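Each chain, written out:
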Amino acid sequence: MSRHRLVRNLVEDDYYDDDYDDYDEDDYDDYDDTYAPPPKKAPAPKSTPAKQVVAKNFATKNPIPGKVQSTASVGVTKAPPGWGKPTTASPPNAAQKSPPKAASAASSGGVVKPPPGWGAPSLSSPPTTNNHTIEGNLPTATFPKSSSTICRSTTQKSNQGSAASSMSLYTPRPVPDFLRNTKSQLSMVILGHVDAGKSTLMGQVLVATGQVSKRDAAKQGSLAYLLDENESERERGVTMEIGTKTLRVPSHDIVILDAPGHHDFIPVMITGAANADVAILVVAAVTGEFEAGFTGGGQTKEHILLARGLGVTQIIVAVNKLDVEGWSEDRYYQIQKEVQDFLLKQQFKPKRIKFVPISGLTGENIMERKDTDLKSWYKGPTLLEAVDSFMPANRSIEKPPRFIVSDVYAEGRGVVTRGRVVQGYFEVGDRLVVLPVGDPVTVSRLEHLQAPSDDTDDPKRQSIGVAGDTIELVFNDIDIMRLSVGNILSLPNATPPLTNKAKARVIIMDKLTVPIIRGAQVIFHMHSLDVPAVMTKLIATLNGDGSVKKERPRAITSGVNAVVELTLSDKIVMESYSDCRSLGRFVLRRGGDTIAIGIIDETL
Ligand SMILES: Nc1nc2c(ncn2[C@@H]2O[C@H](COP(=O)(O)OP(=O)(O)OP(=O)(O)O)[C@@H](O)[C@H]2O)c(=O)[nH]1
């Protein structure tokens, strides 16, 4: 294969084309990524340590009484309300528990009751048929991290080999018909600069949709506490970890990932964005606050860049705190223009961007519009109407199954791994392999974070986790020490490559100050993994049309598209982007700054 062929089509437009196609109305119900077995590769060598890999646990926020977390994982286990409850037995809304008590009353303004079909899941609600499709993203693991809170190292030894995979042995397993007609499952990350109002807004959404009662919300003292459940977050008034909640709207079952806005917690935010299909970007309209978050050192632009690079293709911009600006139309449109220009530059399609003026504090225009000043000029959707109008994601359900572990804990005699199915499907009785350690396991139980409210009567849906579902897999035949956050579960005859080297295309961020040279050290972030890495080869820089601009450049500067070879300090499971998007996308950071987003062309 010529070098030219290897590096063609690396311009941003093409980089993103596949994602856009996933959401085209005309083709989203096509299963267009049927699996084709890759060329046979060498068998895997044994015993590869993965000790430098550090994984971020985000699935749970509070210790789970009676549950013992794997010491191979982050020290604090947090349980999102509802997680772990039998999905078939409990009412769907049981997934949302009242948070702990608090003192004063929450802001009472604007909490409204949900109309039928919103929020409170109902198995008898009108079915929504959305054929499945894209693939999602999941959290994973990794190395020394700069600033993040939750990280841990693993010392597991791998029984798997280098870039070998077993996929040449894989025969695609048949997909049951009902899996093609399940209700859309979306993972939605909440992004935005620190204090933009993300947690308050999501707290308001949970109350407005009936997921949390007004009374329970009032007990919290702050709507943000519904998401910020951890004591240190409450003391500091800053989100530090991913808060996970569930939500139902007529067209989608949604897992909400509330990401931290502070710069120090970008690695945690990366984990959330890597898990998401869609995003709500919260910007504070208050004079000075928007500017601080959008220009200079603000996190708004970095969050947009990261989300786009990690596969988010649909975004709602919630122009928040407009109550403080007297519901000013001028202020709203000024912010809309600035943010829209930036989103378009980052290759978001115009039809996949929506702007909604709101107040997370009062609840205005979240489910209902009451304010006369706002009503006088805004005729668009409410926030929840905009959420409902997200396109379902295409899921690669026919590809080899992939599950990325985001939390591990003991329950009774079993071990529970929670995470997201990013490809294929899993069911009770499946015999799987845990990567990178290589241990076999059998799925003894499977539970959904939120019971699927499908338009199918097939009870089997409850015991199957299909691409896009956030689930728990319970095992009785493995020691908890052999599992950790960032592990990948797959069928033994369809394992992905385990390697520390890859050829990748990268887009260098505009704000890069020090050029990248061969040997540059970076931190490689993939789902919840952070691994030290070195740019071992600068293969080429590219022109805007994807043609090679310069082979073997001495340095790569800001705004450039390039092809590089990366060598990680440890082997991890990764795949070419064309084989598995969630295991083929990454972010590079250096000195606490994001310097590039990339996709893997080839594992080496
Ligand atoms: N006036 C007004 N204040 C708001 C609104 N939304 C949030 N706030 C306030 O803004 C502050 C920050 O809100 P949070 O919800 O904690 O912000 P956040 O974006 O989740 O913060 P981090 O997660 O730490 O980045 C709190 O004091 C909220 O009460 C709003 O719509 N109007």
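Residues numbered from 1 in each chain as written. Predicted model: local features only at pLDDT ≥ 70, side-chain atom pairs only at ≥ 80, totals over all residues. Heavy atoms only, no water.

Going by the annotation in an unreviewed UniProt entry, the name recorded for the chain is Translation elongation factor EF-1 subunit alpha, with Nitzschia inconspicua given as the source organism. The UniProt entry for the chain carries the following comment under Subcellular location (unreviewed entry): "Cytoplasm". Per UniProt, the chain has the following entry under Catalytic activity (unreviewed entry): "GTP + H2O = GDP + phosphate + H(+)". (UniProt positions renumbered as here; feature names shortened; annotations may be inferred.)

Turning our eyes to something else, we now look at the confidence of the model for the chain. Looking at the chain, the pLDDT average stands at 74 and 66% of residues meet or exceed 70. In this model, residues 58-117 is a region of pLDDT below 50 whose contacts with residues beyond four sequence positions or in other chains number 179 contacts. In the predicted structure, residues 119-162 sits below a pLDDT of 50 and forms 235 contacts with residues beyond four places in sequence or in another chain. Both confidence scores are given for the complex: pTM 0.73, ipTM 0.98. (pLDDT = per-residue confidence, 0-100. Contact = heavy atoms within 4.5 Å.)

Counting buried positions over the nine residues of helix α6 (residues 266-274) gives nine, a clear majority of the element. Inspection of α6 places I266, P267, V268, M269, I270, T271, G272, A273 and A274 among the buried residues, and these make up the whole buried set. (Buried < 20%, exposed > 50% of the residue type's maximum accessible area, 1.4 Å probe, protein only. Helix = DSSP H or I, 4+ residues; strand = E, 2+ residues; numbered from the N terminus.)

Of all the eleven residues making up strand β22 (residues 498-508), nine are buried; the element is thus mostly covered by neighbouring parts of the structure. By the bridge criterion, nine bridges tie β22 to strand β28 (residues 561-573) in an arrangement that is antiparallel. Bridge pairing links T499 to I572 in β28. Across seven bridges, β22 lies against strand β30 (residues 593-603) in antiparallel orientation. Counted as the bridge partner of V506 is G598 from β30. (Pairing = 2+ DSSP bridges.)

The next subject is the packing of aromatic side chains. This model, assessed by the stated rule, comprises nine aromatic pairs. For the ring pair F290 and F294, a centre distance of 5.2 Å and an interplane angle of 15° mean the geometry is stacked. On the criterion of helical spacing, the pair formed by F290 and F294 is a turn pair, its members being four residues apart in helix α7 (residues 289-294). The class for F290 is buried, based on a relative accessible area of 3%. Taking the centre distance of 6.0 Å and the plane angle of 70° together, the rings of F403 and F426 count as edge-to-face. Separated by 23 residues along the polypeptide, F403 in strand β14 (residues 402-411) and F426 in strand β16 (residues 425-427) bring together distant segments of the chain. By relative accessible area, which is 0% here, F403 ends up buried. What makes F426 buried here is its relative accessible area of 0%. (Phe/Tyr/Trp six-rings, centres within 6.5 Å; stacked < 30°, edge-to-face > 60°.)

A word on the sheet that holds strand β8 (residues 243-249). Either a parallel or an antiparallel arrangement is found when strands of a sheet pair, and the pairing is made through backbone hydrogen bonds. Reading across from one edge, β8-β9-β7-β10-β11-β12 is the order of the six strands in this open sheet, with mixed pairing throughout. Two strands in the sheet have a free side with no partner beyond their single neighbour: β8 and β12 (353-357). Here the average twist between neighbouring strands, direction ignored, is 25°. With five bridges joining them, strand β11 (residues 314-320) and β12 adopt parallel strand pairing. When the bridges of β12 are listed, A318 appears paired with V356. Of the strands in this sheet, β10 (278-284), β11 and β12 touch helix α9 (residues 329-345), which is tilted by about 160° from β12. (Axes fitted to C-alpha atoms, helices over the stretch in contact; angles between N-to-C directions.)

The residue H448 is located in strand β18 (residues 439-448) in this model. On the basis of relative accessible area, H448 is assigned to the buried category, the value being 2%. Along the primary structure H448 and T470 are separated by 22 residues, whereas in three dimensions their C-alpha atoms are 6.3 Å apart. At a separation of 3.3 Å, a polar atom in the side chain of H448 contacts the main-chain carbonyl oxygen of Q462. Engagement of the side chain of H448 in a polar contact is seen with the backbone oxygen of I464, the distance being 2.9 Å. (Polar contact = N/O pair within 3.5 Å; in protein donor to acceptor, adjacent residues only side chain to side chain.)

Evaluated as defined, the whole model comprises 22 salt bridges. Of the charged contacts, one joins K511 and E302 as a salt bridge, the two residues approaching to 3.9 Å between their closest N and O atoms. A residue pair is termed long-range when its members are at least 10 positions apart, and K511 in the loop between β22 and β23 (516-517) and E302 in helix α8 (residues 300-309) qualify at 209 residues. Among the ionic pairs, E565 bridges to K537, the shortest N-O distance being 3.6 Å. With E565 in strand β28 and K537 in strand β25 (residues 529-542), this pair connects stretches of sequence that are 28 residues apart. Residue classification places E565 among the buried positions, given a relative accessible area of 8%. Through salt bridges that share partners, R173, E427 and D430 make up one connected network. (Salt bridge = Lys/Arg side-chain N within 4 Å of Asp/Glu carboxyl O.)

Bringing the nonpolar core into the picture now. Formed by 77 residues in total, the largest nonpolar core has its most connected members in M188, L201, I280, V319, V339, L343 and L383. Beyond its immediate sequence surroundings of up to four residues, L201 is in contact with I280, V282, A318, I358, G360, I366 and L383. (Core = buried A, V, L, I, M, F, W, Y, C linked by side-chain atoms within 4.5 Å.)

The subject of this paragraph is the side chain of K183. Structurally, K183 can be placed in the loop between β6 (157-158) and β7 (184-191). Polar side-chain contacts of K183 include one of 3.1 Å to the backbone oxygen of V249. At 3.0 Å, the side chain of K183 forms a polar contact with the side chain of D253.

With that settled, consider the pairing of strand β26 (residues 548-551). For β25 and β26, the ladder comprises three bridges, and the chain directions are antiparallel. From the neighbouring strand, A540 faces β26, where its bridge partner is E551. Counted along the chain from β25 to the antiparallel partner β26, the turn is five residues long, and its residue G546 has a positive phi close to 95°.

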